[in-house]
Amino acid sequence: MADNIVQEFNDYRQKMNDKLLADNNKVIKRIFNLDTNAYMEGALDVKTKELLGLVASAVLRCDDCVKYHLETSHKEGLTKAEVMEALGIATLVGGTIVIPHLRRAYEFWEALEEQAGETTI
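Residues numbered from 1 in each chain as written. Predicted model: local features only at pLDDT ≥ 70, side-chain atom pairs only at ≥ 80, totals over all residues. Heavy atoms only, no water.

**Remarks on the packing of aromatic side chains**
Okay, step 1: Applying the stated criterion across every chain, the model contains 1 aromatic pair.
Okay, step 2: Relative to Phe108, the ring of Phe9 has its centre 5.8 Å away and its plane inclined at 80°; by these criteria the two rings are edge-to-face. Of this pair, Phe9 sits in helix α1 (residues 2–22) while Phe108 sits in helix α6 (residues 99–115), and the two are 99 residues apart along the sequence. Both residues of the pair, Phe9 and Phe108, belong to the buried class. (Phe/Tyr/Trp six-rings, centres within 6.5 Å; stacked < 30°, edge-to-face > 60°. Helix = DSSP H or I, 4+ residues; strand = E, 2+ residues; numbered from the N terminus. Buried < 20%, exposed > 50% of the residue type's maximum accessible area, 1.4 Å probe, protein only.)

Pasting the structure below:
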């Protein structure tokens, strides 16, 4: 069940991205491209950029964005401790209104670990 939330998120995201991009809207395509390029290696490494994106997304309370950055962080090899420390900063900055998003982020991270066959404590 846990990796079901990961698969459901990815399936829906891919389906809707495909539809949006098929519409051939120049502005939307450029925004998607800019987003992709912004998270590539540069003066900051990819892991740092993903943590920055995760914190900003949590503070802005965008659950889809949080899930995306969690999954990319997991794929990049960030540890649960690193991710939770970043989410702690996000909660500090964003305040208690971020706590429900923190709960969902924790659940999604556990699903990522379960999907990868990692043990969660």
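That covers the picture; the talk isn't over yet.
**Comments concerning the nonpolar core**
Okay, step 1: If you look at the biggest cluster of nonpolar residues, it comprises 16 residues, and the most contacted ones within it are Leu70, Val83 and Leu87.
Okay, step 2: Only α1, α3 (46–59), α4 (63–75), α5 (80–94) and α6 provide two or more residues apiece to this core.
Okay, step 3: When residues of this core are assigned to their parent elements, the largest contribution, 5 residues, is made by α6.
Okay, step 4: Val83 has contacts with Leu51, Leu54, Leu70, Ser73, Leu78 and Trp109, leaving out every residue within four places of it along the chain. (Core = buried A, V, L, I, M, F, W, Y, C linked by side-chain atoms within 4.5 Å. Contact = heavy atoms within 4.5 Å.)

**Regarding the state of the cysteines**
Okay, step 1: On inspection of all chains with the given rule, the structure shows 1 disulfide.
Okay, step 2: At a sulfur-sulfur separation of 2.5 Å, the disulfide partner of Cys62 is Cys65. Torsion about the S-S bond of the Cys62 and Cys65 cystine: about 60°, corresponding to right-handed handedness.
Okay, step 3: Classification of Cys62 by relative accessible area gives partly exposed; the value is 26%. (Disulfide = S-S within 2.5 Å.)

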